[in-house]
Amino acid sequence: MTKRLLVNTGNGMFGRALIEQLLDREDVEVRAMVRDRSKFPLTGGNLVVVEADMDDPPSLEPVTRDITHAFVTSPMDEHITEREIAMFDACRANGNPQIISIAGAVDHAGDHLVSLHDAARAHLMASGLPWTIVSPNSVMETSLMSFKDQIAMGQMFGVSGDGRIGLVALEDVARVMAEVVVGEGHEGKNYYCTGPAAVSLGEVAEAFTRVLPHPVQYVNMTDEDFIQMLLDYAGFKSKEEAEIGVMCHLRAWREGRASMVTDTVQKVTGQDAMSVEDWISEERDVFVR
């Protein structure tokens with residue numbers, strides 16, 4: 001049977017990666033939902049682009065018709081709960097598609113934004129819709145690309161000390177999500193996706209040193225000095241913005257709340273998860289000054 005997948009964030013990081021995994025497959029039709037069709041660059045023989053907006057619930061009704069699966073996620077802001085609930089309700093009104101929802105493997109210790117996601121997920125589980133949760137640990141593309149200018153100059157600044165992180169490549173998360181769509185037996189599962197090992201930022205710097213033509217050193221700072229650096233050089237306008245955008249993640253790393261390592265990627269996809277050093281090798285040119 002041909003699967004019919006709606007990706008509600010066609011231009012989002014996870015949504016785009018999932019679509020790229022499934023482009024031109026004959027066993028799945030992909031419906032990419034965007035707010036502005038002109039800003040979506042992908043094309044494929046099995047790809048249809050549709051316009052809708054999670055902030056406009058009536059627009060969700062036509063795009064959720066006749067689908068077997070829906071990938072649902074939302075930007076991390078105050079509107080998470082109502083947006084995701086609107087998607088779940090539209091899907092439920094149009095049938096019984098399997099929902100694939102993104103959570104996270106990092107323990108954010110009651111963080112407000114996570115609680116908003118949790119409220120939406122509780123609605124999903126009470127809805128009667130079949131579901132699969134995919135929970136990645138800290139993703140290399142967001143976690144390490146943010147250091148690219150520093151790394152090009154030979155340093156990485158942070159506050160995570162020797163805390164270890166089970167960093168995972170976006171491609172590995174996308175491969176797991178794609179298998180949920182095209183495979184069977186995934187309903188009711190929560191797939192915690194990590195890399196093959198938990199590493200400290202010092203060890204990440206050593207991996208960069210082995211791959212790049214210049215050495216990279218990790219510099220651990222106090223919270224106060226690091227926040228001031230974010231305010232002075234990284235475009236953050238307030239300590240509160242820096243806390244939500246960066247500090248809560250680095251603090252979780254320091255406290256060991258991102259150290260989870262699983263073999264989920266290998267079990268679900270049959271391929272080993274990418275190591276930090278392998279990922280750096282693939283992205284090498286981004287970090288060379």
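Scroll up to find the structure.
Quick caveat, the model's predicted, so the values are computed rather than measured.

Moving on, we come to helix α3 (residues 80–93). Helix length check: α3 (14 residues) gives 20 Å between terminal C-alpha atoms against 20 Å at 1.5 Å per residue, within 8%. Residues of α3 that are buried: Ile-80, Thr-81, Arg-83, Glu-84, Ala-86, Met-87, Phe-88, Ala-90 and Cys-91.

Turning our eyes to something else, we now look at unusual backbone geometry. Unusually for a residue other than glycine, Asp-24 sits at a positive phi of about 70°. With respect to the helices, strands and loops of the structure, Asp-24 is situated in the loop between α1 (13–22) and β2 (28–34). The phi dihedral of Asp-66 falls on the positive side, at around 60°, and the residue is not glycine. With respect to the helices and strands, the residue Asp-66 is situated in the loop between α2 (60–63) and β4 (69–72).

To continue, consider the packing of α1 against helix α7 (residues 170–182). Two packed helices can be described by the angle between their axes and the distance between those axes. The N-to-C vectors of α1 and α7 enclose an angle of 65°; their axes lie 8 Å apart at closest approach. Once α1 is placed against α7, the crossing between them reads as right-handed. For the pair α1 and α7, the contacting residues are Met-13, Phe-14, Ala-17, Leu-18, Gln-21 and Leu-22 in the first and Leu-170, Glu-171, Val-173, Ala-174, Arg-175, Met-177, Ala-178, Val-181 and Val-182 in the second. A class-by-class count of the residues in the contact of α1 with α7 yields 12 nonpolar, 1 polar and 2 charged.

Definitions and limits used
- Residues numbered from 1 in each chain as written.
- Predicted model: local features only at pLDDT ≥ 70, side-chain atom pairs only at ≥ 80, totals over all residues.
- Heavy atoms only, no water.
- Helix = DSSP H or I, 4+ residues; strand = E, 2+ residues; numbered from the N terminus.
- Expected span 1.5 Å × (residues − 1).
- Buried < 20%, exposed > 50% of the residue type's maximum accessible area, 1.4 Å probe, protein only.
- Axes fitted to C-alpha atoms, helices over the stretch in contact; angles between N-to-C directions.
- Left-handed = near helix turned anticlockwise from the far one by under 90°.
- Contact = heavy atoms within 4.5 Å.
- Nonpolar A, V, L, I, M, F, W, Y, C, P; charged D, E, K, R; others polar.

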